[in-house]
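Structure assessment
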Amino acid sequence: MIAVEVKELTRRFGNFTAVKKVSFSVRKGEIFGFLGANGAGKTTTIRMLCGLLVPSSGQARVAGLDVYTEYEQIKKNIGYMSQRFSLYEDLTVRENIRFYGGVYGLSRAQIKERTEELLSFLKLHEQAHKLTASLPLGWKQRLALSTAMLHNPQIIFLDEPTSGVDPVSRKNFWLLIYQLASEGRTIFVTTHFMDEAEYCNRVSIMQDGVIAELDSPQELKKKYHASNMQSVFMNVVKRAQNEPDSF
Amino acid sequence: MTAIMNQPIRVENLYKTYGDVNAVKKVSFSVNEGEIFGLIGPDGAGKTTIIRILVSLLRADSGRISFKGRDVAGNTAFVRANIGYMPQRFSLYPDLTVDENLNFFGDLFRIPKAIQIQRKERLFEFSKLAPFKKRRTGQLSGGMKQKLALSCMLMHEPQVIILDEPTFGVDPISREEFWCILKSLAQNGTTVFVTTAYMDEARLCDRVGLIFEGDVLAIDTPDKLLKSFTGSLYRVGSASPHTAYEKLQNNPMFVSVDLFGDGIHITGDQALTVNKIKNEMERLALSYSAVSKIHPEMEDLFLSLMKK
Ligand SMILES: Nc1ncnc2c1ncn2[C@@H]1O[C@H](COP(=O)(O)OP(=O)(O)OP(=O)(O)O)[C@@H](O)[C@H]1O
Ligand SMILES: [Mg+2]
């Protein structure tokens, strides 16, 4: 089963092309790492896949739905945690979840049920009555994930969910991701932490709007004779930066 | 006396509460001239609170911070004139282009034009933003904005710079180059005070303070801090590290087990050996590629301190 299928997807802003004829597919239940240097085009691609930005050309299907025509249904089938996650700082944790439940059009009973489920899953019960503003970043990140999960989506897009988060919270977050994937959900995640790249089933490395590499971490390490993904990444991106025309 | 007058930052018995939360509990440390000092700790440990008191945006309940021998509380103008400060989330003017923002800050800090041009060139090497000089800041990617904010701050070269999570969202290559800039600034006598969530960056500091729940637990050079790691540490390579982690995390044979990229790290007592780990893995039918004894890195130390 294919969760995300992308063919020659392109997005231009004026005469600048941020995403250039990108093609790839992501299997159902896969943890797919979407890596790349700053400005490579990761967020732009994710926004097109989430039905938030119209592509300039090319095709993409998410959960079998077309990004040009079925973007409304796409939003109901996916969870999206944006790079600067938007929480209401002056609401409590529980109020934030309730608010987003309304956004996703859940009924009052559904919201109540999902809130309890998510609070236990994310171990946020003790924080439920606290103001979001007072939470450390690691907790806000969990809350942002829970708001993206309210409608029980099968595909989850996480744009830099762990930036600025300490090592312990990052490891705990990844255990949550594994759990979601083991339930058959597809995880599409960007990160600048290369130890997290190792946790993915496959990773792509994007540079200047193009996918320069795409394979499992094991295969990429073999190919680049590298002991870790950090040096694979350095290799791929530096090569692409030095000879931009080869891509 | 002159030593104290030159000491860039001296924190003495600093104490700060928010309501019933003790954000900073009697913290003391000092930062020496020309060193890179890293304050490392989990989210909410009190790092940003200390920085906000230091740049006199917030008042301590008791204790004090002095900057070059003067209490920061009564010398706001002096502090602000001599410290370059980059807060955690710094917003630039979204309607200005990359180049206009850099020029704006260059002029604001009264840097002569010729020097502004030199610095911009150097900073573009790190930020890779030269091709986007004419782009409006609001249209940059998240990491590009962060790199531009850092570059704007570095348009002037104050004696002391304070950076609260400068590399938030910055890619590995730019992080490497950014740290080269910090190193060369420090070599020329600039004092750098930095917080970070990246343990590889902690390793690059001259000295590191580890802060947990408002308490500074240890301050030393990274090498000396690593020597304080107790127990013996092993790495187990695995194609499915989280499975190994979940099966082993509560195993009484080990002091602790942590997920580490393409494997797990196991801390044990002196009696633990490579063979014992291999036997246990085989008994539990867990696959592994290699087991070896390793030296701790900053992340191992950080995790061990957090569990205490
Ligand atoms: N609205 C826009 N107008 C013009 N250019 C844009 C716009 N949005 C994005 N871009 C450009 O598209 C490119 C890709 O940006 P994108 O946000 O997708 O990068 P990214 O890979 O997510 O980077 P980061 O790691 O920094 O988050 C950048 O050069 C950016 O400046
Ligand atoms: Mg992005």
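Residues numbered from 1 in each chain as written. Chains lettered and ligands numbered in written order. Predicted model: local features only at pLDDT ≥ 70, side-chain atom pairs only at ≥ 80, totals over all residues. Heavy atoms only, no water.

As for the interface of chain A and chain B
Every contact between the two is made by 37 residues of chain A and, on the other side, 37 residues of chain B. Regarding the contact of chain A and chain B, the summed buried area is about 3,000 Å², with carbon and sulfur atoms giving 61% of it. Counting every contact that joins chain A to chain B gives three salt bridges. Note that A:Lys238 is salt-bridged to B:Glu176, the shortest N-O span being 3.2 Å. Put simply, chain A and chain B have twelve residue pairs in polar contact (both at pLDDT 80 or more) between them. Sort the elements by how many residues they give to the side of chain A that touches chain B and helix α6 (residues 167-182) of chain A lands first, with seven residues. Grouping the amino acids of the side of chain A that touches chain B by side-chain chemistry returns 15 nonpolar, 13 polar and nine charged. (Contact = heavy atoms within 4.5 Å. Buried area = accessible area lost by both parts, 1.4 Å probe. Salt bridge = Lys/Arg side-chain N within 4 Å of Asp/Glu carboxyl O. Polar contact = N/O pair within 3.5 Å; in protein donor to acceptor, adjacent residues only side chain to side chain. Helix = DSSP H or I, 4+ residues; strand = E, 2+ residues; numbered from the N terminus. Nonpolar A, V, L, I, M, F, W, Y, C, P; charged D, E, K, R; others polar.)

A closer look at empty space enclosed by the protein
All names here are of chain B. According to the stated counting rule, one finds two cavities of 30 Å³ or more in the structure shown. In this structure, the largest cavity occupies an estimated 50 Å³ of space. Lining the largest cavity we find Phe229, Leu233, Ser256, Asp258, His265, Thr267, Asp300, Leu303, Ser304 and Lys307. Counting only elements with at least two residues in the lining of the largest cavity, the list comes to β12 (256-260), β13 (263-268) and α12 (298-307). (1 Å grid on protein atoms, 1.4 Å probe; cavity = no way out; pocket = protein on both sides within 12 Å on 5 of 7 lines; lining within 4 Å. Points joined across faces, edges and corners; volume = space filled by probe spheres on them.)

Quick notes on the sheet that holds strand β4 (residues 57-62) of chain A
All names here are of chain A. With respect to topology, four strands assemble into an open sheet ordered β2-β1-β4-β5, the strand pairing being antiparallel. Two strands in the sheet have a free side with no partner beyond their single neighbour: β2 (16-27) and β5 (65-66). Strands β1 (2-13), β2 and β4 of the sheet are contacted by helix α1 (residues 42-49), whose axis makes an angle of about 120 degrees with β1. (Pairing = 2+ DSSP bridges. Axes fitted to C-alpha atoms, helices over the stretch in contact; angles between N-to-C directions.)

Some words on the side chain of A:Asp166
Structurally, A:Asp166 is set in the loop between β7 (155-159) and α6. Of the side chains with opposite charge, B:Lys47 lies nearest to the buried A:Asp166, which makes no salt bridge, at 6.6 Å. One polar contact links the side chain of A:Asp166 to the main-chain amide nitrogen of A:Ser169, over a distance of 3.0 Å. Filtering out sequence-adjacent residues up to four positions away, A:Asp166 remains in contact with B:Gly41, B:Pro42, B:Asp43, B:Ala197 and B:Phe302. (Buried < 20%, exposed > 50% of the residue type's maximum accessible area, 1.4 Å probe, protein only. Lys, Arg positive; Asp, Glu negative; His and termini not counted.)

Considering the site of ligand 1
For ligand 1, the set of nearby residues contains 21 residues, the closest of which are A:Lys42, A:Thr44, B:Arg135, B:Ser141 and B:Gly143. Each of chains A and B places residues near ligand 1. Contacts to ligand 1 include A:Lys42, whose side-chain N or O atom sits 2.7 Å from an oxygen atom. Between ligand 1 and the protein, one listed contact pairs an oxygen atom with a side-chain N or O atom of A:His192 at 3.0 Å. Burial of ligand 1 by the protein chains amounts to 89% of its free accessible area of 640 Å². Breaking the shell around ligand 1 down by element, the ones donating at least two residues are β2 and α1 of chain A together with α6 (142-153) of chain B. Grouping the amino acids of the shell around ligand 1 by side-chain chemistry returns seven nonpolar, eleven polar and three charged. (Near = heavy atom within 4 Å. Areas by Shrake-Rupley, 256 points an atom, 1.4 Å probe, with all protein chains shown as cover.)

Concerning the domain arrangement of chain B
Residue and element names in this part refer to chain B. Each domain of chain B was delimited in the assignment, giving domain 1 (2-226) and domain 2 (229-307). Here the C-alpha centroids of domain 1 and domain 2 sit 35 Å apart. When the area that domain 1 buries against domain 2 is broken down by residue, the three leading residues are Met199, Phe212 and Leu226, summing to 55%. Here domain 1 is connected to domain 2 by one salt bridge. Between Arg203 and Glu297 there is a salt bridge, with the nearest N and O atoms lying 3.5 Å from each other. Inspection of the domain 1/domain 2 interface yields two residue pairs in polar contact (both at pLDDT 80 or more). At the level of elements, α8 (199-202), β9 (207-212) and α9 (222-227) are the ones that each hand at least two residues to the side of domain 1 that touches domain 2. Counted by class, the side of domain 1 that touches domain 2 contains ten nonpolar, one polar and one charged residues. (Domains from an automatic or database assignment.)

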